[in-house]
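Reading the structure
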Amino acid sequence: MSHDKFIIKAKEWDSNPERLRIIDEFAAEVEKEVDFSKDSEVLDFGCGTGLVGLRFGKKVKTLYALDTSEAMLGMLQAKLENEDYGNVRVLSVSMHESGIPENSLDAIFTSMAMHHVADLPDVLQQMVRLLKSGGKLIVGELLPEDGSFHGDNVVPYNGFEPDELAAMVTKAGFSAVSHHAHGIYSKPDKEGVVRQYGTFVLVGQK
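Below: a short report on this structure. (Residues numbered from 1 in each chain as written. Predicted model: local features only at pLDDT ≥ 70, side-chain atom pairs only at ≥ 80, totals over all residues. Heavy atoms only, no water.)

Further remarks concern the overall build of the protein chain. Each helix and strand counted, the protein chain has 5 helices and 7 strands in total. Start at the N end of the protein chain and walk to the C end: the helices and strands fall as α-α-β-β-α-β-β-α-β-α-β-β. Its C-alpha atoms give the protein chain a radius of gyration of 16 Å, within 12% of the compact-globule value 17 Å for 206 residues. Here the C-alpha coordinates of the protein chain stretch approximately 45 × 40 × 30 Å along the principal axes. Each of the 206 residues in the protein chain was classed as buried or not, and the buried ones make up 50%. Partitioning the intrachain contacts of the protein chain with sequence separation of at least 6 by distance along the chain shows that 70% fall at a separation of at least 24. By element, 51% of the accessible surface of the protein chain is carried by carbon and sulfur atoms, the whole surface being about 9,800 Å². Charged side chains of the protein chain number 21 positive and 32 negative; the gap between the two group centres comes to 3 Å. (Helix = DSSP H or I, 4+ residues; strand = E, 2+ residues; numbered from the N terminus. Rg over C-alpha atoms; globule rule 2.2 N^0.38 Å. Buried < 20%, exposed > 50% of the residue type's maximum accessible area, 1.4 Å probe, protein only. Contact = heavy atoms within 4.5 Å. Areas by Shrake-Rupley, 256 points an atom, 1.4 Å probe, with all protein chains shown as cover. Lys, Arg positive; Asp, Glu negative; His and termini not counted. Charge placed at Lys NZ, Arg CZ, Asp CG, Glu CD.)

Time to look at helix H2 (residues 17–33). In this model, H2 (17 residues) spans 25 Å end to end at C-alpha, consistent with the 24 Å of a helix rising 1.5 Å per residue. All buried positions along H2 are accounted for by Glu18, Arg19, Ile22, Ile23, Phe26, Ala27, Glu29 and Val30. Viewed along the axis of H2, the buried residues span an arc of 170 degrees, placing them on a single side of the element. Facing away from the buried side of H2 by over 90 degrees, the exposed positions are Pro17 and Lys32. A distance of 2.9 Å separates the backbone nitrogen of glutamate 18 from a side-chain oxygen at the start of H2, and that oxygen is part of asparagine 16. (Expected span 1.5 Å × (residues − 1). Arc of directions from axis to C-beta. Polar contact = N/O pair within 3.5 Å; in protein donor to acceptor, adjacent residues only side chain to side chain.)

Sheet analysis places strand S5 (residues 131–142) next to strand S7 (residues 194–205), joined by 7 bridges and oriented antiparallel. Looking across to S7, one finds that leucine 142 is bridged to threonine 199. Judged from the 11 bridges that link them, strand S6 (residues 175–188) and S7 form a sheet pairing that is antiparallel. From the neighbouring strand, serine 186 faces S7, where its bridge partner is glutamine 196. From the end of S6 to the start of S7, which pair antiparallel, there are 5 residues, and glycine 192 there has a positive phi angle of about 90 degrees. (Pairing = 2+ DSSP bridges.)

Spelled out as structure tokens, the structure:
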């Protein structure tokens, strides 16, 4: 896809130790919230190269891995060809086009993807539609930042105030929404100066 902003980034995505640390910490948060079983069906939204979702693939009945970056999904597919991660269904489509049955998912988790979603309120409503009653949404995201996190790339949201994202999630139809601080993501800006960006975890339940 010519508009894929991740064509260059995808090749080195898994080699960034700071990213891997944040992913490990977020995955631990997911495991606290989700009771994975062989009957579970879960969605890794904005899955990228599968750094979060693939570690749960063999614990569940179905892992849906959804992303709109063909470059990222190409890296994910290469992993699937080389190792058995369970029943992983890769979806290179939007939430509207996913084909996932309504009321079928036990959990949706997403790390650092929400701020890339322009139609976020609509996507959150789609998530509610796909989750079972009692199903959970676990979000790892950036606190508000000055736009330097993505360098010259413009994204729909330069992070979120946790209470504001919680309000959006609640309005979409989730309940028992809570959030807590998650840690610091250290990353060089476009001038090469290492900056520190706060992150948080938000959890909601259908």
